[in-house]
Amino acid sequence: MQPIIEVEGIRKTYGETVAVDDVSFSVQPGEIFGIIGPNGAGKTTTVESVIGLRKPDRGRISVLGLDPVRERAALAQRIGVQLQAAALAERMKVWEALDLFSSLYAHTVPYEPLLKQWGLADKRNAAFGNLSGGQKQRLFIALALVNDPDVVFLDELTSGLDPQARRATWELVRTIRAQGKTVVLVTHFMDEAEHLCDRIAIVDRGKIIALDTPAGLVKALDEERRIVFEVEPEFDLSPLQSLPQVKEVTRSGRQAIVSGDTDGLLAAVVARLEEERIPFRSLRTEQADLEDVFLRLTGRAIRDS
């Protein structure tokens with residue numbers, strides 16, 4: 001299948017600062033492709049190069065078979081974009097924003113159904129400045145869809161939203177893909193990427209340091225399973241250390257953490273605790289996730305600049 005987006009060896013510098021360094025990836029039709037990394041990693045510069053807002057110093061980009069620099073006007077008609085720094089005039093009404101954006105494209109869809117679809121019908125005459133954070137984000141999505149684009153770019157879509165609004169916005173992104181569109185999602189939230197994306201490129205210091213499905217990235221980490229439970233301090237847990245599946249036993253007060261091989265670890269630990277008559281409670285298992293992958297690859301916190 002021919003990729004919707006092809007990026008080959010792009011580099012972008014600002015003076016002595018290298019924002020994007022030899023980045024290559026492709027995006028397939030109908031997928032949600034994630035670009036994740038800390039602030040300042042080069043995510044936004046990469047996307048702005050792909051949509052034609054910035055010209056890379058070198059490399060090749062093709063979106064829908066078009067060159068974003070030489071054929072920017074034609075490409076703009078076929079993509080939808082919600083950028084991190086997006087804003088509208090505070091007094092502009094919701095319907096006015098959609099009407100204005102509709103006038104910019106040769107082909108559009110009626111915006112009244114978009115208002116209803118994205119939960120903005122009752123805010124049709126509301127000023128942008130009076131909308132909540134979640135309502136503003138839904139409006140930006142509607143604006144990105146008014147030209148019925150083939151590809152939608154969403155940059156830090158849920159930054160500043162509360163957990164409930166973030167989850168609701170995730171469903172909106174899934175709805176966009178369900179309509180047959182390809183989505184490029186830029187985020188620094190690991191849980192967001194893990195829940196939404198078919199494939200993920202992890203970017204750090206301007207380079208792609210890993211690219212795979214969320215499950216593939218976690219599997220490649222080969223992280224041990226962890227079993228966490230509570231036990232009274234007077235009980236000796238050294239019998240657990242002798243189990244072949246166990247690599248390490250640590251404890252802090254009443255909390256014990258047993259890590260080791262995934263195959264048979266839980267059954268072996270529970271059996272040994274019962275055999276030694278060691279009472280325990282609040283037992284749970286923990287698996288590696290995308291945040292573990294990121295920290296292992298970069299060695300630094302997700303929101304570091």
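What counts, and where the lines are drawn
- Residues numbered from 1 in each chain as written.
- Predicted model: local features only at pLDDT ≥ 70, side-chain atom pairs only at ≥ 80, totals over all residues.
- Heavy atoms only, no water.
- Helix = DSSP H or I, 4+ residues; strand = E, 2+ residues; numbered from the N terminus.
- Buried < 20%, exposed > 50% of the residue type's maximum accessible area, 1.4 Å probe, protein only.
- Areas by Shrake-Rupley, 256 points an atom, 1.4 Å probe, with all protein chains shown as cover.
- Lys, Arg positive; Asp, Glu negative; His and termini not counted.
- Charge placed at Lys NZ, Arg CZ, Asp CG, Glu CD.
- Pairing = 2+ DSSP bridges.
- Axes fitted to C-alpha atoms, helices over the stretch in contact; angles between N-to-C directions.
- Contact = heavy atoms within 4.5 Å.
- 1 Å grid on protein atoms, 1.4 Å probe; cavity = no way out; pocket = protein on both sides within 12 Å on 5 of 7 lines; lining within 4 Å.
- Points joined across faces, edges and corners; volume = space filled by probe spheres on them.
- Salt bridge = Lys/Arg side-chain N within 4 Å of Asp/Glu carboxyl O.
- Parallel < 35°, antiparallel > 145°, perpendicular 65-115°, else oblique.
- Left-handed = near helix turned anticlockwise from the far one by under 90°.
- Nonpolar A, V, L, I, M, F, W, Y, C, P; charged D, E, K, R; others polar.

(A) Examining the overall build of the chain more closely. In terms of regular secondary structure, the chain is built from eleven helices and 13 strands. Counting over 305 residues, the chain shows a buried share of 46%. On the chain, roughly 14900 Å² of surface is accessible, and the fraction owed to carbon and sulfur atoms is 47%. Positive and negative side-chain charges in the chain, numbering 38 and 45 respectively, have mean positions lying 5 Å apart.

(B) Layout of the sheet that holds strand E7 (residues 182–187). The strand order across the open sheet built from six strands is E5-E6-E7-E3-E8-E9, with neighbouring strands paired in mixed fashion. Sheet topology places strand E5 (79–82) and strand E9 (207–212) at the edges, where each strand pairs with a single neighbour. Between one strand axis and the next, the sheet turns by 15° as a mean value, whatever way the strands run. Of the pairings in the sheet, the one linking strand E6 (residues 151–155) to E7 comprises five bridges and is parallel in character. Looking at E7, one finds that Leu154 is bridged to Leu185. The sheet contacts of helix H8 (residues 214–221) involve strand E8 (199–204) and E9, and relative to E9 the element is tilted by about 100°.

(C) The arrangement of the pairing of strand E12 (residues 255–260) in detail. Two elements, strand E10 (residues 225–230) and E12, share six bridges in a ladder whose sense is antiparallel. Directly across from Arg226, in E12, lies its bridge partner Ser259. Remark: two residues form the turn of the hairpin made by strand E11 (residues 246–252) and E12, two consecutive strands paired antiparallel; Gly253 in that turn has positive phi of roughly 65°.

(D) Fine view of the layout of surface pockets. Reported here for the largest pocket is a volume of approximately 350 Å³. Looking at the largest pocket, it is lined by 16 residues, and the ones nearest its centre are Leu53, Val81, Leu83, Phe101 and Tyr105. Considering every element that reaches the lining of the largest pocket, the biggest residue donor is E5, with four residues.

(E) Structural detail: the sheet that holds strand E2 (residues 17–27). Strand order in the open sheet formed by three strands is E2-E1-E4, with antiparallel pairing between adjacent strands. Two strands in the sheet have a free side with no partner beyond their single neighbour: E2 and strand E4 (58–63). Each strand of the sheet is rotated relative to its neighbour by a mean of 20°, with strand direction disregarded.

(F) Inspection of the pattern of salt bridges at higher detail. If you walk through the whole model with that rule in mind, you get 22 salt bridges. Among the salt bridges present, the one from Lys43 reaches Glu156, with a minimum N-O distance of 3.8 Å. Remark: Glu156 occurs in the loop between E6 and helix H6 (163–178) and Lys43 occurs in helix H1 (residues 43–50); sequence separation between them is 113 residues. Judged by relative accessible area, Glu156 falls into the buried class, the value being 4%. Note that Glu232 is salt-bridged to Arg254, the shortest N-O span being 3.3 Å. On the criterion of sequence distance, the pair formed by Glu232 in the loop between E10 and helix H9 (238–241) and Arg254 in the loop between E11 and E12 is long-range, its members being 22 residues apart. Connected through salt bridges with shared partners, the residues Glu230, Glu232, Arg254 and Arg281 form a single ionic network.

(G) Representation of the packing of H8 against helix H11 (residues 290–298). The interhelical angle for the contact between H8 and H11, taken along N-to-C directions, is 55°, at an axis separation of 9 Å. Our classification of the angle between H8 and H11 gives oblique. Crossing angle aside, the handedness with which H8 passes H11 is left-handed. Every residue of H11 that contacts H8 at Leu217, Val218 and Leu221 is listed here: Leu290, Asp292, Val293 and Arg296. A breakdown of the residues in the contact of H8 with H11 according to their chemical character gives five nonpolar, no polar and two charged.

(H) Here's a closer look at the packing of helix H5 (residues 133–145) against H6. Direction vectors running N to C along H5 and H6 enclose 10°, while the axes themselves pass 11 Å from each other. It follows that H5 is roughly parallel to H6 by the angle criterion. On the side of H5, the interface is formed by Arg138, Ile141 and Leu145, while H6 contributes Thr169, Leu172 and Ile176.

(I) The arrangement of the environment of Ala89 in detail. Relative to the elements of secondary structure, Ala89 occurs in the loop between E5 and helix H3 (94–102). For Ala89, a relative accessible area of 45% translates into the label partly exposed. The sequence separation of Ala89 and Gly129 amounts to 40 residues, and the corresponding C-alpha distance is 7.6 Å.

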